[in-house]
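Below are the chains, spelled out letter by letter.
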Amino acid sequence: MLKYPMVYDIHEECGIFGIYGHPEAANLTYLGLYALQHRGQEGAGICSSDGRQLFLEKSMGLVADIFNEKRLRRLPGYIAIGHNRYSTAGSSALKNVQPIVANFALGSLAIAHNGNLVTAIDLRTSLEAEGAIFQSSSDSEVIVHLIAHSKGDDFYERVTHTIKQISGSFSLLILREKELIAIRDPFGVRPLSLGVKDGAYVVASETCAFDLIGATYIRDIEPGEVLIINENGLKSLKIFNSQRKAFCIFELIYFSRPDSNIFGGLNVNEMRKEFGRQLAREFHIEADLVIPVPDSGVPAAIGYSEVSHIPFDFGLIRNHYIGRTFIEPRENIRHFGVKIKLNPVKKLLEGKRLIVIDDSIVRGTTSKKIVKMLKEGGGAKEIHLKISSPPNISPCYYGIDTPTRRELIASTHLIEEIRKYVTADSLSYLSLEGLKKIVPNSHNFCTACFDGDYPISFPGEHLNQMEFLFR
Ligand code: AMP
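Residues numbered from 1 in each chain as written. Predicted model: local features only at pLDDT ≥ 70, side-chain atom pairs only at ≥ 80, totals over all residues. Heavy atoms only, no water.

The next subject is the site of the ligand. The ligand sits among 16 residues. The nearest are Y254, D358, D359, G364 and T366. The separation between an oxygen atom of the ligand and a polar side-chain atom of S296 is 3.2 Å. Within the backbone of T365, an N or O atom sits 3.4 Å from an oxygen atom of the ligand. Protein chains shield 95% of the accessible area of the ligand, which is 500 Å² for the free molecule. (Near = heavy atom within 4 Å. Polar contact = N/O pair within 3.5 Å; in protein donor to acceptor, adjacent residues only side chain to side chain. Areas by Shrake-Rupley, 256 points an atom, 1.4 Å probe, with all protein chains shown as cover.)

Below, the structure written as structure tokens:
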């Protein structure tokens, strides 16, 4: 099994939110994190500043369970940043929940990071050799140490120096006593948007957070931009020469909320509907009903139904009071999860030929259980499974939680073998060409999960590529 790239704790799929210049900074950050809960459900934290000192509250759990009025009152001030954390097995620990706060020569700072630093191990090893003592196993802490270790009295120089040393994906918020700094990696892998609310600047992973607090979207933080927000207003530093961009295609397919507009204003719901329309254009099959795997398959199923003229309905009902089962760190819970999460509507499905739409197949576990559920519990006659993205063949090293290549079913199996495994009557995936045709300026996107073309190099990449070639 390939061991590269090894990071201590991959910071996947987190949600970040920041606000500068509002008397209700912590309360609004709480709401922002609430809207971004889908990006991470293991733990959350908020750090605020009253201009003199930083205040931090963080815990394991969901945003609404962690924060109450009493706790939010312990977060005074007009600036705040917040973080929703997602983690994989073995790394669920409070010490890894962000923001990470540290004191250094120039004062205090807190950071909230969404993304994954692919060179974290090497950087950490050399920092430790220089005497740095790490509090957590998180790759993000490397950033704090790099800033602290960097020489010079000018904080912005230290930040510039730091982000030139790190590699990977990073949408990053830094809070200091009197300012907020928003940074996006030069490839722009993870989304990050700037908005305004009552004259206060807000920054969030997705625009759905702006909608909840009534903020107006201004623009995206540009790839490679360092945006300083303080009493002088906005100041933008462009640190990197423009390289190729690598927006994460999987944000559009699965990860972001459909009501968000990301990567320069692409509406996620509309994109997903279009994926479904394209899927219908590519693969037509006679059937009685199109049903989505809720919630992620809903927009694509609507699109598929529109183009195929096969009626759409909700044949699987989702219990909304449990978390995303995939996110459960323990394997046994995940397996049980599909059943507690979804239930078929027998009256609707009995005897029908179904087109079932989901956004992706990772290990194949979910699809297999769903097909079984629709046939046995729902009484469906035929199941034609259609996936609104191409086969997921390569692990993501830039912040989407994917298992090892070996566990990615499409990496090791042909489509017909997957069909047999999930016991569907037919199985088709959206083609990569079809996907690229739909996404505007698709050359600006990272599609490594579908084609193994990794835009940001990382340790062990060549081994990975060899495995890809000879798989
Ligand atoms: P699997 O059972 O491993 O094939 O997982 C497939 C299901 O997980 C699909 O229904 C997807 O909507 C969902 N999914 C795909 N990628 C992810 C991810 N990175 N995190 C959480 N859920 C995911």
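This part takes up the sheet that holds strand β20 (residues 353-358). Read from one edge of the open sheet, four strands run β17-β20-β21-β22, paired in parallel fashion. Each edge of the open sheet is held by one strand with a lone partner, namely β17 (289-292) and β22 (426-429). Going from strand to strand, the sheet's axes swing by 20° on average, the running direction of each strand aside. Bridge count for strand β21 (residues 382-387) against β22 is four bridges, and the pairing is parallel. Bridge pairing links L385 to L427 in β22. Relative to β21, helix α13 (residues 365-377) is tilted by about 150°, and along the sheet it contacts β17, β20 and β21. (Pairing = 2+ DSSP bridges. Helix = DSSP H or I, 4+ residues; strand = E, 2+ residues; numbered from the N terminus. Axes fitted to C-alpha atoms, helices over the stretch in contact; angles between N-to-C directions. Contact = heavy atoms within 4.5 Å.)

What follows covers the confidence of the model for the chain. Residues with a pLDDT of 70 or more make up 90% of the chain, whose mean pLDDT is 91. Contacts for the low-pLDDT stretch residues 1-11, under 50 throughout, to residues beyond four places or in other chains number 40 contacts. (pLDDT = per-residue confidence, 0-100.)

With that out of the way, let us pick up the pattern of salt bridges. Following the criterion strictly, the structure yields 23 salt bridges and no others. A salt bridge links E69 to R73, with the shortest nitrogen-to-oxygen separation between them at 3.9 Å. Of the two residues, E69 and R73 are both situated in helix α3 (residues 69-73); the distance of four residues between them amounts to about one turn of the helix. The exposure class of E69 is exposed, given its relative accessible area of 63%. Of the charged contacts, one joins E251 and R190 as a salt bridge, the two residues approaching to 2.8 Å between their closest N and O atoms. Here the residue E251 occupies a position in helix α8 (residues 249-255), and R190 occupies one in the loop between β8 (179-184) and β9 (193-197), the gap between them amounting to 61 residues. The same class applies to E251 as to R190, namely buried. Through salt bridges with shared partners, a single network forms among E270, E274, R277, R281 and E306. (Salt bridge = Lys/Arg side-chain N within 4 Å of Asp/Glu carboxyl O. Buried < 20%, exposed > 50% of the residue type's maximum accessible area, 1.4 Å probe, protein only.)

All right, on to the environment of P99 then. Within the secondary structure layout, P99 lies in the loop between β4 (79-86) and β5 (100-104). Along the sequence, P99 and E222 sit 123 residues apart, while their C-alpha atoms lie 22 Å from each other. What P99 contacts, discounting residues up to four positions off in sequence, is G45, I46, C47, L56, K58, I81, H83, A110 and I111.

The biggest cluster of nonpolar side chains holds 45 residues, and the ones touching the most others in it are L252, F275, Y398 and L435. Those elements giving two or more residues to this core turn out to be β14 (247-248), α8, α9 (268-282), α10 (298-308), β20, α16 (432-438), β23 (445-446) and α17 (448-451). No other element matches α8, which puts six residues into this core. Each of two domains, domain 1 (11-246) and domain 2 (268-454), supplies a minimum of three residues to this core. Beyond its immediate chain neighbours, meaning those up to four positions away, F275 contacts L252, I253, S388, L430, L435, I438 and V439. Formed by 29 residues, the second largest nonpolar core is a distinct cluster that contains L117, L146, I163 and I183. (Core = buried A, V, L, I, M, F, W, Y, C linked by side-chain atoms within 4.5 Å. Domains from an automatic or database assignment.)

Right, let's get into the domain arrangement of the chain. Domain assignment breaks the chain into domain 1 (11-246) and domain 2 (268-454). Placing a centre on the C-alpha atoms of domain 1 and another on those of domain 2 gives a separation of 33 Å.

Within the element layout of this structure, R39 appears in the loop between α1 (25-35) and β2 (43-49). Its relative accessible area of 0% is what places R39 among the buried residues. A polar atom in the side chain of R39 sits 2.9 Å from the backbone oxygen of C14.

It is worth spelling out the sheet that holds strand β12 (residues 225-230) at this point. Spatially, six strands are ordered β5-β6-β7-β8-β12-β13 in an open sheet, and the strand pairing comes out antiparallel. Each edge of the open sheet carries a strand with a single partner, namely β5 and β13 (233-238). Neighbour-to-neighbour, the strand axes of the sheet open up by a mean angle of 20°, direction not taken into account. Relative to β13, β12 runs antiparallel, the two being bridged by six bridges. Bridge pairing in β13 links L227 to S236. Lying over the sheet, helix α5 (residues 141-149) contacts β5, β6 (107-117) and β7 (168-176), oriented at roughly 135° with respect to β6.

Next up on the list: a nonpolar patch on the surface. A surface patch of nonpolar side chains, amounting to about 270 Å² of accessible area, comprises L31, Y34 and L212. Its place among the elements puts L31 in helix α1. Looking at L31, the relative accessible area reads 30%, which means it is partly exposed. (Patch = residues over 30% accessible without salt bridge, like charges linked within 9 Å, V, L, I, M, F, W, Y side chains within 5 Å.)

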